[in-house]
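Chain and residue survey
As a plain string of letters, each chain reads:
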Amino acid sequence: MDMTPPAAPGQTATAAARQAFYQAIAAHSMTPLWEVLHALVPPSPATPCQPALWKYADVHPYLMQSGQLITAEEAVRRVLILENPGLRGQSCITQSLYAGLQVIMPGEVAPSHRHTQSALRFVVEGHGAFTAVDGERTQMQDFIITPSWTWHDHGHLGDVQSDAPVVWLDGLDIPMLRFFDAGFAENGSAKQQAVTKAQGISGHRYGANMLPVRFDARHSAPFGQTSPIFSYPYERTREALHQLEAHADIDAWDGVKMRYVNPATGGPPMPTMATFMQRLPAGFEGKPCRQTDGAVFSVVEGSGTVEIARGEQTWTFAFGPRDHFVIPSWHTARLRSAQGCVLFSFSDRPVHQALGIHREERLP
Ligand code: 1HN
């Protein structure tokens, strides 16, 4: 018996036969590769992720309003997610990275929990808050990491020096863990974890260009793949960049750009996310470059512009202190700064490198 349906007007018999075939196999959870092959292996990355800029002047009032609407404790984490306009509803800033701005008010606590997702914090505004990571407290300032499966809680004592909110950028590998279906989480038994270590001890032990004599990164749980330092003070970073700008070569694409390291391995502080600090000298006109790792930027000091291009489209963002922007995978970016500036950024580069798929192109 001939099962071929009659061709619809304008449809060839072949097309009709194919459609009927697709419907028949769909009932068996199958679908033809040849209809999707081109989209599956594009000639170059075809990300739905879009370049985007969040001006702090626009964001700040909403952060403060959120502080009136819900307590940190009720929210667990009071965060406004920086959601990529091309990925709405997916709680991510690139296909592999999550970013949000978290606010904590004096007197508040964000309760203790742990999860397999790794987190980084970059403090944007305010001081007087602290975070605790696996029993050690540190000031919530500058760049802090919360490695996978470490207990963490945040608090703001509201001291005499600061009764203002503290705001920081959270960067997490949430979409990656979702992709791998490897997310686990646990709440602490107490709101705040017990402090079991002296404040700053990990910095003294691992952050003074030395390691304990028998330290072996490969066998030092929980540090196998994450930095044993979890606080990287900006003062030292800033001075290093300043001296390098004055006395070393300026890279024509990046200015002076350094990556944060795990001092025990030389690798990134956490296995899924690389973090960078970069200084563009006054008058810098960067050459264009593109890479497969999508990157999120937080402007620390100064101002400038980033021009981002993909195909026929160009986006130009003017940025200043506390603004945030995202450069998606394989978008050509060009940084300029008349006044000079300092930029913090993070990306999924370590994963690209571990998989041998990282590509970078520095254009003339
Ligand atoms: C989290 O634990 C924090 O600890 C921030 O501050 C943002 C987003 C999703 C899941 C866990 C934090 C988070 C998060």
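This text gives an overview of the structure that appears in the document. (Residues numbered from 1 in each chain as written. Predicted model: local features only at pLDDT ≥ 70, side-chain atom pairs only at ≥ 80, totals over all residues. Heavy atoms only, no water.)

A few words now on the site of the ligand. Neighbouring residues of the ligand: Arg77, Tyr98, Gln102, His113, His115, Arg121, His152, His154, Asp170, Leu172 and Ile174. A distance of 2.9 Å separates an oxygen atom of the ligand from a polar side-chain atom of Gln102. Burial of the ligand by the protein amounts to 83% of the accessible area it has alone, namely 320 Å². If you list the elements that add at least two residues to the shell around the ligand, you get strand E3 (98-104), strand E4 (109-115), strand E9 (152-156) and strand E10 (166-172). The residue inventory of the shell around the ligand, partitioned by class, reads 3 nonpolar, 5 polar and 3 charged. (Near = heavy atom within 4 Å. Polar contact = N/O pair within 3.5 Å; in protein donor to acceptor, adjacent residues only side chain to side chain. Areas by Shrake-Rupley, 256 points an atom, 1.4 Å probe, with all protein chains shown as cover. Helix = DSSP H or I, 4+ residues; strand = E, 2+ residues; numbered from the N terminus. Nonpolar A, V, L, I, M, F, W, Y, C, P; charged D, E, K, R; others polar.)

Moving on, we come to the side chain of Asp293. When you line up the elements, Asp293 lands in the loop between strand E16 (289-291) and strand E17 (295-302). Reaching out from Asp293, the side chain makes a polar contact with the side chain of Ser347 at a distance of 2.7 Å. Side chain to side chain, Asp293 and Arg349 meet in a polar contact 2.8 Å long. Contacts of Asp293, omitting those with residues within four sequence positions, involve Ser347, Asp348, Arg349, His352 and His358. (Contact = heavy atoms within 4.5 Å.)

Look at helix H3 (residues 56-69): 20 Å from first C-alpha to last across 14 residues, which is about the 20 Å you get at 1.5 Å a residue. Every buried residue of H3 is accounted for by Tyr56, Val59, Leu63, Ser66 and Gly67. Viewed along the axis of H3, the buried residues span an arc of 105 degrees, placing them on a single side of the element. Opposite the buried face of H3, by more than 90 degrees, sit the exposed residues Ala57, Asp58, Tyr62, Gln68 and Leu69. (Expected span 1.5 Å × (residues − 1). Buried < 20%, exposed > 50% of the residue type's maximum accessible area, 1.4 Å probe, protein only. Arc of directions from axis to C-beta.)

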